[in-house]
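# Notes for the structure review
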Amino acid sequence: MSKQLVRLAGTVALILSICLNVSAAERDSIRWTIKQLTVDGNEGIDVADFDKDGKLDVIAGRSWYAAPEFVPRPVRTIEDWNGYVESNGDYAYDVDGDGWIDVIAGSFRPTEVHWYKNPGKKSLHLGKMWPKRLLVDTETSTNEGQLFQDIDGDGRPEWIVNSWTKNVPMHIWKLKKEERATAQGKSELVPTLKKIVIGTKANGHGLGIGDLNGDGRTDIVVGQGWYEQPKSNGLAGNWTFHADWDLHASIPVIVRDLDGDGRNDLIVGQGHDFGLHWWQQQPSENGTLQWKKHLIDSTFSQPHCLHMADLDGDGTDELLTGKRYYAHNGNDPGGQEPPCLFYYQWNDKSQEFSKHIIDKGVVGTGLQIRTADLNGDDRLDIAVAGKNGTFVVFNNGTK
């Protein structure tokens, strides 16, 4: 055999070796196309059909992005604060019930919660700003983030705010309408938020929603433990607090029965350090919940935001997370490393997650991740905003 044929045979053998050593999971990974919408330090994002054209749009901080081009259009002005955009969450919701989707916005330090009224078709077309409306002055600051989920089962979400400060009250805010006088001396019903104090003992970095103890009622996870919803009238307050841990956890902490034993487990990211784990719930001891911690990934830091969705269309949700880029202005462990975004498939038999790369070096996360079919191909795409910019990541499937 000639030297050329020997070299060719060796090259073919090497290629075959590489191909054979690629795992089935890696071969079946989803293909993605990244579209950057803007360079902006805003970290909140949501998805809805804001202009009522039948296509899902993106809203992220100062701008909204109309499908299918996703060109930025104005919503509001936002101040910068201490290396952050003073915005830590966008929630698309028809606040006033006029049929046009508005946005409720959270912030870090300010105590006021505002909503921004969708100005309607003509004003959206002209690129006008969205009118700013006060929901409530909470009189509380140090807001790490919030969730907007239905706690009492009435079909309307509650505003659930987390504080990075420990040993402060935990609040739920209920959407209401109250009568207020107008400048013309008349009265009108306006949206507001009513405070419910569920506990005064603890709070702390981290927030999750779900039934932890299997009693059929929704509980709340915080950094210092968890609040157990009472048997009757949970929104009257006075939830039982269980100081079962002290974490600097993700928002959200995901509450889900992963192993199928009927007990809900937890998926927890270390928001400002390395570490992504799932906590397998064990049989309780003397009424105290017990957990066995399993590592998912420790190769990147700041998995501050978690999300679950069926990205590959197989009927089972994947875990989606990544690095919250510059979460503490680069001062966290690993804070200077590049942004990254991953998804993880759950295997029922091995009870493990397998990792898949969406992107390394360009796309990271902020404080929210959203998934929706943004281009009408029946696959879930990703919308994410962080200090490295706002992105739509299109899902091209596995083939």
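Throughout what follows, the structure given in this document is the object of discussion. Computed from a prediction, not measured in an experiment: that's the story for all the values here.

### Observations regarding the pattern of salt bridges
Overall, the coordinates contain 18 salt bridges when judged by the stated rule. The salt bridge involving Arg-370 is made with Asp-46; its shortest N-O contact spans 2.9 Å. Of the two residues, Arg-370 sits in strand S28 (residues 369–372) while Asp-46 sits in strand S2 (residues 46–48), which places them 324 residues apart along the sequence. Between Lys-117 and Asp-98 there is a salt bridge, with the nearest N and O atoms lying 2.9 Å from each other. On the criterion of sequence distance, the pair formed by Lys-117 in the loop between strand S10 (112–116) and helix H3 (121–126) and Asp-98 in the loop between strand S8 (89–93) and strand S9 (102–106) is long-range, its members being 19 residues apart. Residue class for Asp-98 comes out partly exposed when judged on its relative accessible area of 34%. Among the ionic contacts, a cluster of salt bridges with common partners joins Asp-152, Asp-154, Glu-158 and Lys-174.

### Things to note about the state of the cysteines
Two cysteines whose sulfur atoms are joined by a covalent bond form what is called a disulfide. Summed over all chains, the structure comprises 0 disulfides. Cys-305 forms no disulfide, and the closest cysteine sulfur to it belongs to Cys-340, at a distance of 13 Å. On the basis of relative accessibility, which here comes to 5%, the residue Cys-340 falls in the buried class.

### Overview of the sheet that holds S8
If you walk across this open sheet you meet the 4 strands as S8-S9-S10-S11, and the pairing is antiparallel. The strands lining the two open edges of the sheet, one partner per strand, are S8 and strand S11 (132–137). Within the sheet, the average angular offset between the axes of one strand and its neighbour, ignoring direction, is 25°. Where S9 meets S10, 3 bridges bridge the pair, whose relative direction is antiparallel. Counterpart to Val-103 in the pairing with S10 is Tyr-116.

### Thoughts on the sheet that holds strand S16 (residues 207–210)
With antiparallel pairing, 4 strands are arranged side by side in an open sheet as S16-S17-S18-S19. The open sheet is flanked by S16 and strand S19 (240–242), the only strands paired with a single partner. Looking at each pair of strands side by side, their axes are set apart by 20° on average, direction ignored. In this structure, strand S17 (residues 219–222) lies alongside strand S18 (residues 225–228), joined through 3 bridges in antiparallel fashion. From the neighbouring strand, Ile-220 faces S18, where its bridge partner is Tyr-227.

What counts, and where the lines are drawn
- Residues numbered from 1 in each chain as written.
- Predicted model: local features only at pLDDT ≥ 70, side-chain atom pairs only at ≥ 80, totals over all residues.
- Heavy atoms only, no water.
- Salt bridge = Lys/Arg side-chain N within 4 Å of Asp/Glu carboxyl O.
- Helix = DSSP H or I, 4+ residues; strand = E, 2+ residues; numbered from the N terminus.
- Buried < 20%, exposed > 50% of the residue type's maximum accessible area, 1.4 Å probe, protein only.
- Disulfide = S-S within 2.5 Å.
- Pairing = 2+ DSSP bridges.
- Axes fitted to C-alpha atoms, helices over the stretch in contact; angles between N-to-C directions.

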